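Per-entry structural report
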Amino acid sequence: LRSAFKLLHQMEESTTSPPNVVTYTNILTSIQRIPDLTEGEIDQISRDIHSTMETRGIKANRVTYHVLIKAALENTRLGGLTTAVRYIKEMQERGIEFTRDTWQSILYGMAQRGDWAMGNMMVDMMGRTGFENVSPGMTELINRIRTRSK
């Protein structure tokens, strides 16, 4: 982690190869996968990186959020779920469109975690947005979430 931040600092000082959204996304994704970091450390590092991105005028896009939500949901600790929900709320607040891929990623991640209650809440949220572009596979996933959450 120390080496990654050293490299990031060098990139931030560089005029020829400054970091971009992909650079920051990779670091945000990686910290979700470091087992030695506490939830508090992950949260603080994430907030610091997001602050730096904002200062540098680098904005996360839909693809960035898909990657971040997936990584957060793969983090089996409770903080992973909290982080994923924070990213989902950020997407809403920034007016980033939720596509079929967005919902599929969220619902699949909830099912993989076995978090049926939260998955059910996400299905409800999807319904409230009026989203209707549901594939047969997604319908099956929604039905599985609905059944298991009861």
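Every value quoted in this text rests on a predicted model; they were computed, and no experiment measured them.

**A word on the overall build of the protein chain**
- For the protein chain, the helix and strand inventory stands at eight helices and zero strands.
- When the helices and strands of the protein chain are listed from N to C terminus, the series reads α-α-α-α-α-α-α-α.
- Each of the three principal axes of the protein chain carries a C-alpha extent, and together these read 50 × 30 × 20 Å.
- Only carbon and sulfur atoms are counted for the fraction: they give 51% of the accessible area of the protein chain, which is about 8,700 Å².
- Averaged over its 19 positive side-chain charges, the protein chain has a centre that lies 3 Å from the centre of its 17 negative ones.

**Some thoughts on the pattern of salt bridges**
- Applying the stated criterion to the full structure yields seven salt bridges.
- Salt-bridge contacts for Arg 33 lead to Glu 74; the nearest nitrogen and oxygen are separated by 3.3 Å. Of this pair, Arg 33 sits in the loop between helix 2 (21-31) and helix 3 (39-55) while Glu 74 is found in helix 4 (residues 62-74), placing the two residues 41 residues apart along the sequence.
- Overall, the relative accessible area of 42% leaves Glu 74 in the partly exposed class.
- Note that Arg 86 is salt-bridged to Asp 43, the shortest N-O span being 2.9 Å.

**A word on helix 5 (residues 78-93)**
- Between its terminal C-alpha atoms helix 5 stretches 23 Å, which fits the 22 Å expected from 16 residues at 1.5 Å a residue.
- Those residues of helix 5 that are buried are in contact with helix 2, helix 3, helix 4, helix 6 (100-113) and helix 7 (116-129).
- Within two residues after helix 5, Gly 95 carries a phi angle of roughly 70 degrees, on the positive side.

**Re the packing of aromatic side chains**
- Scanning the entire structure with this criterion turns up two aromatic pairs.
- Between Tyr 65 and Tyr 87, the ring centres sit 6.2 Å apart and the planes meet at 65 degrees, which makes this aromatic pair edge-to-face. Of the two residues, Tyr 65 is situated in helix 4 and Tyr 87 in helix 5; the sequence distance between them amounts to 22 residues.
- Residue Tyr 65 is classed as buried on the basis of its relative accessible area of 0%.
- The lysine or arginine in question, Arg 86, covers the ring of Tyr 87, its NZ or CZ lying 5.3 Å from the ring centre.

What counts, and where the lines are drawn
- Residues numbered from 1 in each chain as written.
- Predicted model: local features only at pLDDT ≥ 70, side-chain atom pairs only at ≥ 80, totals over all residues.
- Heavy atoms only, no water.
- Helix = DSSP H or I, 4+ residues; strand = E, 2+ residues; numbered from the N terminus.
- Areas by Shrake-Rupley, 256 points an atom, 1.4 Å probe, with all protein chains shown as cover.
- Lys, Arg positive; Asp, Glu negative; His and termini not counted.
- Charge placed at Lys NZ, Arg CZ, Asp CG, Glu CD.
- Salt bridge = Lys/Arg side-chain N within 4 Å of Asp/Glu carboxyl O.
- Buried < 20%, exposed > 50% of the residue type's maximum accessible area, 1.4 Å probe, protein only.
- Expected span 1.5 Å × (residues − 1).
- Contact = heavy atoms within 4.5 Å.
- Phe/Tyr/Trp six-rings, centres within 6.5 Å; stacked < 30°, edge-to-face > 60°.
- Lys NZ or Arg CZ within 6 Å of the ring centre and 35° of its normal.

Treat this as a map of the structure, not an account of what it does.
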